[in-house]
Amino acid sequence: MNLADCSSHSATARLLHFGSPGAIYLRRFVGSLHVGRCGSNPTHVKTLRLRSNPPKTLTVTAAMASEAELAASAKIIDGKMVAKEIRDEITTEVSRMKDAIGVVPGLAVMLIGERKDSATYVRNKKKACESVGINSFEVRLPEDSAETEVLKFISDFNDDPAVHGILVQLPLPKHMNEQNILNAVSIEKDVDGFHPLNIGRLAMRGREPSFVPCTPKGCIELLHRYGFQIKGKKAVVIGRSNIVGMPAALLLQREDATVTIVHSRTQNPEQIVKEADIVISAVGQPDMVRGTWLKPGAVVIDVGINPVEDATCPRGYRLVGDVCYEEARKVVSAITPVPGGVGPMTIAMLLSNTLTSAKRIHNFQ
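How each quantity is defined
- Residues numbered from 1 in each chain as written.
- Predicted model: local features only at pLDDT ≥ 70, side-chain atom pairs only at ≥ 80, totals over all residues.
- Heavy atoms only, no water.
- UniProt positions renumbered as here; feature names shortened; annotations may be inferred.
- Helix = DSSP H or I, 4+ residues; strand = E, 2+ residues; numbered from the N terminus.
- Buried < 20%, exposed > 50% of the residue type's maximum accessible area, 1.4 Å probe, protein only.
- Areas by Shrake-Rupley, 256 points an atom, 1.4 Å probe, with all protein chains shown as cover.
- Phe/Tyr/Trp six-rings, centres within 6.5 Å; stacked < 30°, edge-to-face > 60°.
- Lys NZ or Arg CZ within 6 Å of the ring centre and 35° of its normal.
- Axes fitted to C-alpha atoms, helices over the stretch in contact; angles between N-to-C directions.
- Parallel < 35°, antiparallel > 145°, perpendicular 65-115°, else oblique.
- Left-handed = near helix turned anticlockwise from the far one by under 90°.
- Contact = heavy atoms within 4.5 Å.
- Nonpolar A, V, L, I, M, F, W, Y, C, P; charged D, E, K, R; others polar.

- In the annotation of an unreviewed UniProt entry, the protein chain is listed under the name Methenyltetrahydrofolate cyclohydrolase and assigned to Linum trigynum.
- Taken verbatim from the UniProt record of the protein chain, the Sequence similarities (unreviewed entry) comment is "Belongs to the tetrahydrofolate dehydrogenase/cyclohydrolase family."
- In UniProt, the protein chain has this text filed under Pathway (unreviewed entry): "One-carbon metabolism; tetrahydrofolate interconversion."

**Let's talk about the overall build of the protein chain**
- Helix and strand counts for the protein chain stand at twelve helices and 16 strands.
- Counting over 365 residues, the protein chain shows a buried share of 46%.
- For the protein chain, the exposed surface amounts to about 18,800 Å²; the carbon and sulfur share of it is 51%.

**Examining the packing of aromatic side chains**
- Enumeration according to the criterion identifies one aromatic pair in this entry.
- Relative to Phe 228, the ring of Tyr 226 has its centre 6.2 Å away and its plane inclined at 10°; by these criteria the two rings are stacked.
- Looking at Phe 228, the relative accessible area reads 18%, which means it is buried.
- We note Arg 360 situated over the ring of Phe 211; from NZ or CZ to the ring centre the distance is 4.9 Å.

**Concerning the packing of helix H4 (residues 116-132) against helix H12 (residues 342-361)**
- Here H4 crosses H12 at 50°, and the two axes come no closer than 10 Å. The angle between H4 and H12 falls in the class oblique. As H4 runs across H12, the sense of the crossing is right-handed. Only Gly 343, Ile 347, Leu 350 and Leu 351 of H12 make contact with H4, whose side of the interface consists of Tyr 121, Asn 124, Lys 125, Ala 128, Cys 129 and Val 132.
- Split by residue class, the contact of H4 with H12 holds seven nonpolar, two polar and one charged.

What follows is the structure, encoded as structure tokens:
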């Protein structure tokens, strides 16, 4: 509290700093205080009429930290750091497997079309494979490729003993039947976890999928590694896609959270989100979730990676999330940045699933 003597009898304003006990200390010297509050700004100006001789009016400026300001130092959930820890663990296991039985895990990635976000992920996946010692096989096809061409590549990878994981980067071009293509991937090599049998097992109590979809798995892994409790918490998943939203909701449910899914037909989504202790957003709409949507102290996992045109960036665009980061970080207790949050975890989980597949195929413990 800054106390300024603004009476006409004072040649200069005297500034004193008081904490909470300071008010008690002040009363001992000036007697009763009359406090008038002006305005609703977090920094309040108060006038004090002191019972003294002669009477004095003092102006008090109390810099009061609002709840949002106190939360402005929200913990950053560092996906890069956690992903590096996981990659280090995988590197050790890949090396151990190679030394023991002479097998190196292999991952085949297929990219159809030229989406910027998909291309970013595929490029990062290839680098990640190299960093941990996993062999990578990459196929890039143009947007107008025939579905039969894609299916032929998948069939070849299914039969290739050097390939232990197959990933078809989604979304696919509109003329392709996503269901047919995902169903063509051998369930033993479905490291993306999108095969209907894997999703079905994920949805059923008492059943275990061969693989869990990488992005939702990465979200849950972040919550685990940062020690955030899931059991008994209210969780809201924004988005119901087969890629993230639906499996994320299933995983949260497996962790005993009370789960609500918000989608494009949900009425008053901001009110529903406001009740959540944990928010996972995966809608692909830049800055859609505002700070006012979020419950103070909530934990936010932002899956969105949306390219926004920006002439100041070397590539002509920058990546932002679904959640307005600058607003959210003033409200929530923890949040993932974009980029650097869920993205690296998605790739780390893919590498983990590929290693698991290779171990399972070769019966290596």
